[in-house]
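For reference, the chains in residue letters:
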Amino acid sequence: MFPSPSRGSGDDQRPSAPDAGAPLAGARLLVGDRDAATAAATAEALRTRGAAHVRTAVSPREFRAAEHADRTWDLAVCDSAFAGDALTEFLEDWHAHHPAAPVIVTEDRPSAARAVAALRGRAADLVARHDPDALAGSAAHALAHPRYAPQAAAAPAPVRMLVVGAHPDDVEIAAGGTIHRRAEEGWDITVLTLSPGGGGGDPAERRREAHRAAESMGARLVLEDLPDGSIPDDSSTVRVIERTVAETAPDIVLVHSDHDTHQDHRAVHRATRVACRQVPRVFCYQSPSATVAYRPNRFVLLREEDVDAKLSAIRAHGSQSSSRWYLEEDLLRSTARYWGRYSRSRYAEPLEVLRDAAPVLSH
């Protein structure tokens, strides 16, 4: 357990009997601020408006620990200094764990640039750090929004993600760490592979490998039978993808980029764009055959165990891993390490935003 607020951070254990009509009646709130006194003042302002439970954190590490340890937060208040220059990514991580809970960002002197970053991260508001009354009012307003109704927060449906690839091992190479991390967080993940990979080996063996790899990442596999090397770039491929889209109703889709030298990857990208035209969030991952025109603008933060799970999934493709240079483990790990520099984490996987229209979901 963390220390009490008077010594730095922790749970608010004071007994209280708030007015049931108070703006924040019954709410469970997480407050992060670099200064213990400011965090305590903010917590007191929230408590006097009826918050049932307030926990404070005075460092990014404590904030993350509280965030990941408890899925029942109704709202978070976060000092923007915790995120540094990666505010959007910091907020996206919150939404990944608490899709039905708003987050308010505090800033010493709110600026237009910071407001844009907060908006991109779907923060509920950006307010001054040293104005606890304004912050409490913002919290009450955020929780009153229909999007964050208590019944929605009580039992949020799992986020559904569909990852589309042309061949067995495509999605493992590009997004295996992302799949593992999101599966660990409770997401419902389906991998759709459109070809059994007959051009690269025995199709029956590659099917078995693909199922083992998907299972190791925590995903379900749908394996179609389009021809390896000549996947049609037409409506027939669209219809194949539409079947799985209709079955899974994804909130998020990941797919090959159009900036790719492999004809199957480009065909799958274009068909997926059409088949997923009603999906609110669509992102493109990086394949080994991606060109320099691939320009990611989102990065999924990976833990060491996510990278290990990615490599384990690729090892499941034993018929390929010993003969394909792009499956070498040191290359895959160093690539994830390289992309980590853009997200202020040790490892990351890159994504291009094709469409990001959902109000409250994470990638």
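No experiment lies behind these values; they were computed from the predicted model shown.

What counts, and at which threshold
- Residues numbered from 1 in each chain as written.
- Predicted model: local features only at pLDDT ≥ 70, side-chain atom pairs only at ≥ 80, totals over all residues.
- Heavy atoms only, no water.
- Helix = DSSP H or I, 4+ residues; strand = E, 2+ residues; numbered from the N terminus.
- Buried < 20%, exposed > 50% of the residue type's maximum accessible area, 1.4 Å probe, protein only.
- Contact = heavy atoms within 4.5 Å.
- Areas by Shrake-Rupley, 256 points an atom, 1.4 Å probe, with all protein chains shown as cover.
- Salt bridge = Lys/Arg side-chain N within 4 Å of Asp/Glu carboxyl O.
- Pairing = 2+ DSSP bridges.
- Axes fitted to C-alpha atoms, helices over the stretch in contact; angles between N-to-C directions.
- Expected span 1.5 Å × (residues − 1).
- Polar contact = N/O pair within 3.5 Å; in protein donor to acceptor, adjacent residues only side chain to side chain.
- pLDDT = per-residue confidence, 0-100.
- Core = buried A, V, L, I, M, F, W, Y, C linked by side-chain atoms within 4.5 Å.
- Right-handed = clockwise from strand over helix to strand, strands pointing away.

Turning to the overall build of the chain, a few remarks are in order. Scanning the chain from terminus to terminus reveals 13 helices and 13 strands. Put simply, the chain has 363 residues, and 54% of those count as buried. A fraction of 77% describes how many contacts in the chain between residues 6 or more apart in sequence connect residues 24 or more apart. Of the accessible surface of the chain, which amounts to about 15,300 Å², a share of 51% is contributed by carbon and sulfur atoms.

All right, on to the pattern of salt bridges then. For the coordinates displayed, the defined rule picks out 31 salt bridges. The partner of Arg64 in a salt bridge is Glu67, and the shortest N-O contact between them spans 2.6 Å. In this pair, Arg64 and Glu67 both sit in helix α2 (residues 60–69), three residues apart, roughly one turn of the helix. Overall, Glu67 belongs to the buried group, its relative accessible area being 0%. Connected via shared salt-bridge partners are Arg64, Glu67, Asp93, Arg181, Arg182 and Glu185.

Now for the sheet that holds strand β8 (residues 188–193). The mixed open sheet is built from seven strands, whose spatial order is β9-β8-β7-β10-β11-β13-β12. The open sheet has two edge strands with one neighbour each: β9 (220–223) and β12 (298–302). The sheet shows a mean angle of 25° between the axes of neighbouring strands, taken without regard to direction. For strand β7 (residues 160–165) and strand β10 (residues 252–256), the ladder comprises three bridges, and the chain directions are parallel. For Val163, the partnering residue across the bridge sits in β10 and is Leu254.

Taking 1.5 Å of rise per residue, 13 residues should cover 18 Å, and helix α1 (residues 36–48) covers 18 Å from first to last C-alpha, within 8% of that figure. Every buried residue of α1 is listed here: Thr38, Ala39, Thr42, Ala43, Ala45, Leu46 and Arg47. On its buried side, α1 packs onto β2 (28–32), β3 (53–57) and α5 (132–144). The N-capping residue of α1, defined by a side-chain oxygen 3.3 Å from the backbone nitrogen of Ala37, is Asp35. Just downstream of α1 lies Gly50, where phi reads positive at about 105°.

Once that is clear, we can look at the confidence of the model for the chain. Mean pLDDT for the chain: 84, with 88% of residues reaching 70 or above. Per-residue pLDDT stays below 50 along residues 359–363; that stretch engages in 31 contacts with residues further than four places along the chain or on separate chains.

Looking now at the nonpolar core. Counting residues in hydrophobic clusters, the biggest one holds 36 residues, and the most contacted among them are Met161, Val163, Ile179, Ile189 and Leu254. No other element matches the six residues that helix α7 (residues 170–184) contributes to this core. When neighbours within four sequence positions are excluded, Ile179 is seen to be in contact with Met161, Val163, Val171, Ile189, Val191, Met217 and Ala219. Ranked by size, the runner-up nonpolar core spans 22 residues in total, among them Leu162, Ala166, Leu192 and Val240.

What follows deals with the pairing of β3. Most of β3 is tucked away, with five of its five residues classed as buried. By the alternation rule, side chains of β3 split into His53, Arg55 and Ala57 and Val54 and Thr56, which are all buried. In this sheet, β3 lies alongside β2 in parallel orientation, the contact comprising five bridges. Each residue of the ladder has a partner; that of Gly32, found in β3, is Ala57. What joins β2 to β3 is α1, and the crossover it makes is right-handed.

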